[in-house]
Amino acid sequence: MDAGQLFSVDPLESRAAKGHGVVTSMAAGNDVILLGTSKGWIIRHDFALGDCQNLDFAPGRPGEQPVHRVFVDPGGSHCIATVVISGVAETFYMHAKWAKPKSLPRLRGILVNAVAWNRQLITESSTREVILGTQNGQLFEMAVDEAEKREKYIKQLFELSDPREPITGLEMETTSVGNSTRFYVMAVTATRLYSFTGIGSLESVFARYAERRIHFMELPGEIPNSELHYYIVQRRAKHFGWLSGAGIYYGDLNFGVQHSSSGGDENFVENKGLLDYSKLSEPVSGELIKPRSLAVSEFHFLLLVGDKVKVVNRISQKVVEELTFDRESSKGIIGICSDPTAGVFYVYDDYSVFQVSTHDEGRDMWRVYLDRGDYAVALSNCRSPYQRDQVYLVQADAAFATKDYYRAASYYAKMNYVMSFEEISLKFITVGEQDALRTFLLRKLDNLTREDKSQITMISTWVTELYLDKINRLLLEDGTSTNADREHDSSEYESIVQEIRAFLSDNKDVLDEATTMKLLESYGREDELVYFASLKDKYEIVIHHYIQQGEAKKALEVLQRPNVPVDLQYKFAPDLIMLDAYETVESWMMARAMLNPRKLIPAMMRYTNEPHAKNETHEVIKYLEFCIKDLHNEDPGVHNLLLSLYAMKDDETQLLQFLDMKHAKVGSSGPAFFYDPKYALWLCLKEKRMRACVRIYSMMSMHEEAVALALKVDLDLAKAEADKVEDDEELRKKLWLMVAKHVIQQEKGTKRENIKKVVDFLSEANNNLLSIEDILPFFPDFVLIDDFKDEICKSLKGYKNQIEQLKEEMNDATRGADSIRSDINALSQRYIIIDRNEECGVCKRKILGTRGAQQMGSSYMSGGNIAPLYVFPCSHAFHAPCLIAHVTRCTTHAQAAYILDLQKQLSLMENGPANDPAGEPISSTTSIEKIRSQLDEAVASECPFCGDLMIREISLPFILPQESEEAASWAIKPQIAPFPKILPMTI
């Protein structure tokens, strides 16, 4: 086979044995072919299984019993055949699983020419609805189930009349409409193509045509073997072809959308056409040679003309190939049939069968559609980028020739191989179409991939320059145009400016930053330069531009963007606050803690130092107050700057309030203020803010300096400062003496008036801090004592009262000491009565048991034979050894060791030489009574059952560490079961 051929021919081995006759009819479906012979045989070839069957449809009848027509469904399971037996037509049905056919008596004597299968609903076991077309123009419906071995029904649907012609071709299609089925039926005779459609059963659909006009297409001309064929894809018909006397009538089938025809039927045929036979070959003896058979492929018609099959392109109506066949028979080829499931065609004569296969028949269809000018369909049939470029080139050249440059630019931009980028660009430059060139470049950018980074950057830069050139040309034209033209140019100018901005925004990542900025700057497009800089996050350029334009608010808006570096706030702060102090400070306050006020101090100081800003520092003060009060800023520099601005004001009120304010956070242990007091003092002295200086001296605990300075300003201020000292009485008295001295030395008038004022001053000193004798040294020596008689008498009276108060306190102390001595004597005589049956709280024996029974040590004093014991006010009683043992066991290790040591000392002193455990003699000053007293204090200071000793026992475990062995002995241990004894068993 030639590599360029669309169709190839392969001969198939026919297994029809001699004696079965010659082939008269053929059908194919799903790799199964059926050959009907002249002696009533049907040879069934199954290529998938490699099987061949010879089936006798006229058994026991010698002679010619030709098979008129044989039909097979697309699945290759159901077969219908009409055999002319002894001149009478017999129709048979046979399933692929059956060994012999089943006759259909209802159709006896009726010659079936065509069969339409229900491709959508047919199954291997059931034919569903099948339509039969007969020689006398009748349509029958039948259905057969393989399991029943017989037909379910056969009924007549329709009969043609006027003229009554044989039905030679028949096809059926169905679609679902809700819960119903719509049927589409096409039938052909020698001169007409009938179409039937409707919803419901086939019987109801055809019954409606008894009352309405039948829709048909009539073509003149005679042809003995009219045929109708569908092209099938996945059981759905796409287009059809009708072999008629006038030519090949064809069209597309659209079963989804129907259009009402003039006859009232719904027409489902689109893109109709007629292939005239004159395009197939030259006339012979003045007559055209008409095809004897037809098959339809995706794009071509296969026409049997003579002994050749001509392949005609359905779209261009041109013969593209001629297929020839190497045959043994001298007779002509009988016909063509198709296998829609396998996608192959078969050509047969009396003894031979040839398979015609397709080989990518649509590979050149793009060119066919291109020649017809159907560019969209041509593109859909292209197989390679080169083919698509060919289509775009034809479209682009056609548009360029008609001076539709923008459309041409769009097509040129889609090409990648046919023409180079430079050639296309030169075409537009040659004709001076800069705008079309820009369109071409923009479309080219859309078609480039991310891998073409260099080309994208180059083209984007060129487009930018073309936009700038367009803007300049519009500006030049604006100066020479009329008013009407000027309005049009203005709107176009605004449109281009918007376009370039959109382009810069879309391509900011591919444009070279430096080149683009230089280009915008060279064309004087500052607005676009700033716009592009903002897109590239070059905020410094943007802010600098706005500051130069005096647009502080816009500059601040840029600074407020979240991705702007905070360092730019500090860099441009001096310029912005000088440009618009209010907006700048508002912006800083909105930023809150994002800004460091310390870094803004240079800008604020520059602003306050400007001559025009001497009386306009309130914005800076507002920001500093915001930082301190709202943000709780603790930076000394911020506090110092605010204090200096307050100090420069004529009104000292804010300065004093600031000095009195506690700046530390609530609950914090930090300092109350964060400014430098020495700097504040220097500044206030410089600005002559004396009241502020007094406050600062006071905060620095320099009270003497504070009072001394306050005396120069205001006497009441000095008194208040002197009164602030509360924890140092001596210093407070000294400060009041300073005030008193100042009052004495400064008062003028008569002596008696001055003395009266001094006396009144003494009464102001709180808690009688000063007396007349304290201030007498400040008076001159010539002052008469008579002037102070009343005050001196008052002072002496006060001393007398103090002496009487001291006497009373001494008498109270004496009475208290006597009472204590009486209580001590009473305690020494205290006693308690013990019941004779009282038990010891530890050993539970009687507390008044004999000494011998209890075996008490001789270290304890007792009367008679009564054992030594302890009795507490709570009525608990204990034997002395029992109490010592119990306390020693329950108290701490150190206390227990102390008790044992006292016992040893007491035992040694009573029973042996007075030596300690180390062998050293005990001091003679240490008596037995003293040691016994210490032992009593150690063990009997409180009842062990009612005091702290019992409370501490709550935290002790129930089982002490030394009792762990005892506790373990009580543990329940699991018993280990003995191994079962295995007894031998003898079988």
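As named in an unreviewed UniProt entry, the protein chain is Vacuolar protein sorting-associated protein 18, taken from Rhynchospora pubera. Looking at the Subcellular location (unreviewed entry) heading of the UniProt record, one finds this comment for the protein chain: "Endomembrane system". One UniProt comment on the protein chain, placed under Sequence similarities (unreviewed entry), says "Belongs to the VPS18 family."

(A) The side chain of S644, seen in detail. If you trace the backbone, S644 turns up in helix α18 (residues 636–647). Exposure remark for S644: the relative accessible area of 11% places this residue in the buried category. Within the structure, S644 has its side chain in polar contact with the backbone oxygen of L641 (distance 2.6 Å).

(B) Region of interest: the sheet that holds strand β23 (residues 269–276). If you walk across this open sheet you meet the 4 strands as β18-β19-β20-β23, and the pairing is antiparallel. With partners counted over all chains shown, the strands left at the sheet margins are β18 (227–233) and β23, one partner each. This sheet shows a mean twist of 20° between the axes of neighbouring strands, independent of strand direction. Of the strand pairs in this sheet, β18 and strand β19 (residues 236–243) are connected by 7 bridges, and their pairing is antiparallel. Bridge pairing in β19 places Y230 opposite F240.

(C) Representation of empty space enclosed by the protein in the model. Applying the stated rule across the entire model yields 2 cavities of 30 Å³ or more. Taken as a whole, the largest cavity encloses approximately 80 Å³ of empty space. L34, R44, L55, V72, G76, S77, H78, C79, M94, H95 and A96 are the residues that line the largest cavity. Residue assignment for the lining of the largest cavity shows that the elements contributing at least two residues are β7 (78–85) and β8 (88–95). Taken together, the residues that form the lining of the largest cavity break down as 6 nonpolar, 4 polar and 1 charged.

(D) Structural context of helix α12 (residues 539–548). For α12, the full list of buried residues reads Y539, V542, I543, H545, Y546 and I547. Packing partners of the buried residues in α12 comprise α11 (526–535), α13 (552–559) and α14 (567–579). In the stretch just after α12, G550 is the one whose phi turns positive, near 75°.

(E) Focus on the pairing of strand β28 (residues 335–339). Most of β28 sits inside the fold, with 4 of its 5 residues counted as buried. Where β28 and strand β29 (residues 344–348) come together, 5 bridges link them in antiparallel fashion. Looking at the pairing, I336 lines up with V347 of β29. Between the antiparallel neighbours β28 and β29 lie 4 residues, among them G343 with a positive phi of about 75°.

(F) Quick peek at the state of the cysteines. Taken as a whole, this structure holds 0 disulfides when the rule is applied. Considering cysteine sulfurs only, C693 is the nearest to C684, which forms no disulfide, with 4.9 Å between them. Accessibility expressed as a relative area gives 0% for C684, which makes it buried. Looking at C882, it has no disulfide partner, and the nearest cysteine sulfur is the one in C843, 3.7 Å off.

Criteria and thresholds
Residues numbered from 1 in each chain as written. Predicted model: local features only at pLDDT ≥ 70, side-chain atom pairs only at ≥ 80, totals over all residues. Heavy atoms only, no water. UniProt positions renumbered as here; feature names shortened; annotations may be inferred. Helix = DSSP H or I, 4+ residues; strand = E, 2+ residues; numbered from the N terminus. Buried < 20%, exposed > 50% of the residue type's maximum accessible area, 1.4 Å probe, protein only. Polar contact = N/O pair within 3.5 Å; in protein donor to acceptor, adjacent residues only side chain to side chain. Pairing = 2+ DSSP bridges. Axes fitted to C-alpha atoms, helices over the stretch in contact; angles between N-to-C directions. 1 Å grid on protein atoms, 1.4 Å probe; cavity = no way out; pocket = protein on both sides within 12 Å on 5 of 7 lines; lining within 4 Å. Points joined across faces, edges and corners; volume = space filled by probe spheres on them. Nonpolar A, V, L, I, M, F, W, Y, C, P; charged D, E, K, R; others polar. Contact = heavy atoms within 4.5 Å. Disulfide = S-S within 2.5 Å.

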